[in-house]
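# Remarks on the overall topology
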Amino acid sequence: MNLGFLYIRYLSYNENYLISYITFLYNLITFYWQIVHFCFRCLYMIKNELNEMRNTEAKNWNKTGELSYVLKRNGVDAGEVKFPESSLVRVATFETETEKYTLERRGLLKIALEINNGKGKPVLNAVQEKWYKNSYDVNFGARKLKMVIRNNPLAEFALLNNNEREINSYGLKVKDKKPFIEMKGEEEENNVLFDFLLWSLIKPAANESCGNAVVPTRVI
């Protein structure tokens, strides 16, 4: 009887020890998992902050007046866009340190677009491919580009090279019920006139969707 009782006590002791050991390991693993999870959350937040800083430094449009916006690149003013209060022809003007440009509508139906320099010489023009298409043939100097207008579901204007590769785009997006203008582009295709053209087209579309609310911009 004594030996049997001691054996049962021995088994009970080992079982309690095993349960305690497993509980200890579970708590230890949970503790370290919480630390790892916390570290990943911190890294994710830091990554987002760095992206926001990079986006702000890379390219951004800042409102400077009721109808005027300044393009900043790496914190430096690259030019200012001004929209007219009302005009059937002139869409906007864009002034840099060295030149002043105007974006105007051309043609009988005012569908074609043309950017002229301060001397009135065309430097970029865009003509609709066909009346039923949302795409334009763009001539920029010796380059042949294409501009497409998408609605998926909100407005987006994109420039494509002759290989149909997207090189710049401005699109109206919504995240957490807040609208913003998403800007995408290849670094080597970072021409200020592309920004002038796309901004002058997307901003009125954003105004139609969001009223007079300030719509922030983000670089992707």
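In what follows, the accompanying structure is described.

What counts and how
- All residue numbers refer to positions counted from 1 along the written sequence of the respective chain.
- Reporting in this predicted model follows two pLDDT cut-offs: at least 70 for local features of residues, and 80 or more for side-chain atom pairs to be given and counted; totals over whole chains, interfaces and linings ignore these cut-offs and use all residues.
- Heavy atoms from the whole structure form the basis of all side-chain values; hydrogens and water molecules are not counted.
- Accessibility here uses a 1.4 Å probe with only protein chains present; expressed as a share of the type maximum, an area under 20% marks a residue as buried, one over 50% as exposed, and anything in between as partly exposed.
- Secondary structure follows DSSP: runs of H or I at least 4 residues long count as helices, runs of E at least 2 residues long count as strands, and numbering of each begins at the N terminus.
- We call a set of buried residues a nonpolar core when its members are Ala, Val, Leu, Ile, Met, Phe, Trp, Tyr or Cys and they connect through side-chain atoms within 4.5 Å of each other.
- In this analysis, two residues are considered to be in contact whenever any of their non-hydrogen atoms come within 4.5 Å of each other.
- For two strands to be treated as a pair, DSSP must find no fewer than two bridges joining them.
- Only Phe, Tyr and Trp rings take part, Trp by its six-membered ring, and two of them pair if their centres are within 6.5 Å. Stacked means planes under 30 degrees apart, edge-to-face means over 60, and tilted covers everything else.
- Salt-bridge detection follows one rule: a side-chain nitrogen of Lys or Arg within 4 Å of a carboxyl oxygen of Asp or Glu.

Phi is positive for Glu164, which is not a glycine, with a value near 65°. Relative accessible area serves as the criterion here: at 48%, Glu164 is assigned to the partly exposed category. Here the phi dihedral of Lys177 falls at roughly 65°; this positive angle occurs in a residue that is not glycine. Here Lys177 lies in the loop between β11 (166–175) and β12 (178–185).

For the rest of this paragraph, the subject is the nonpolar core. One finds Trp61, Met147, Phe196, Leu197 and Trp199 to be the most contacted residues of the largest nonpolar core, which totals 38 residues. The leading source of residues in this core is helix α2 (residues 192–210), at ten residues. Sequence-distant contacts of Trp199, that is, excluding residues within four places in its chain, are made with Trp61, Tyr69, Val81, Phe83, Tyr170, Ile181, Pro204 and Thr217.

Relative to strand β2 (residues 68–73), strand β1 (residues 60–63) is paired through four bridges, and the arrangement is antiparallel. Bridge pairing links Asn62 to Val70 in β2. Between the antiparallel neighbours β1 and β2 lie four residues.

Along the chain, the position of Lys133 falls in the loop between β7 (122–128) and β8 (135–140). Relative accessible area serves as the criterion here: at 34%, Lys133 is assigned to the partly exposed category. Distance in space between the C-alpha atoms of Lys133 and Val148 is 8.9 Å, their sequence separation being 15 residues.

Quick look at the packing of aromatic side chains now. A complete count under the given rule lists seven aromatic pairs for this structure. Consider the rings of Phe94 and Phe196, whose centres lie 5.0 Å apart with planes at 15°: the pair is stacked. Taken together, the residues span a long stretch of sequence, with Phe94 in strand β4 (residues 90–95) and Phe196 in helix α2 at a distance of 102 residues. In terms of burial, Phe94 and Phe196 fall into one category: buried. An angle of 70° between the planes, with centres 6.4 Å apart, marks the rings of Tyr170 and Trp199 as edge-to-face. Placement of Tyr170 in strand β11 and of Trp199 in helix α2 is noted, with a sequence separation of 29 residues between them. A relative accessible area of 0% means that Tyr170 is categorised as buried. Taken together, the aromatic side chains of Trp61, Tyr69, Phe83, Tyr170 and Trp199 make up a single cluster linked through ring pairs.

What follows concerns the pattern of salt bridges. By the definition in use, this model includes twelve salt bridges. Measuring nitrogen to oxygen at the nearest pair gives 2.5 Å for the salt bridge that ties Asp77 to Lys72. Residue Lys72 is classed as partly exposed on the basis of its relative accessible area, which comes to 26%. We note a salt bridge from Glu182 to Lys184, for which the minimum N-O separation is 4.0 Å. For Lys184, a relative accessible area of 28% translates into the label partly exposed. The structure contains a network of salt bridges with shared partners spanning Arg90, Glu104, Arg106 and Glu114.

Here the focus is the pairing of β12. Summarising the sheet, β11 and β12 pair through eight bridges and their orientation is antiparallel. Each bridged residue has a counterpart across the sheet, and for Ser169 the counterpart in β12 is Lys184. The turn joining β11 and β12, which pair antiparallel and follow one another in sequence, is formed by two residues; a positive phi near 55° is taken by Asp176.

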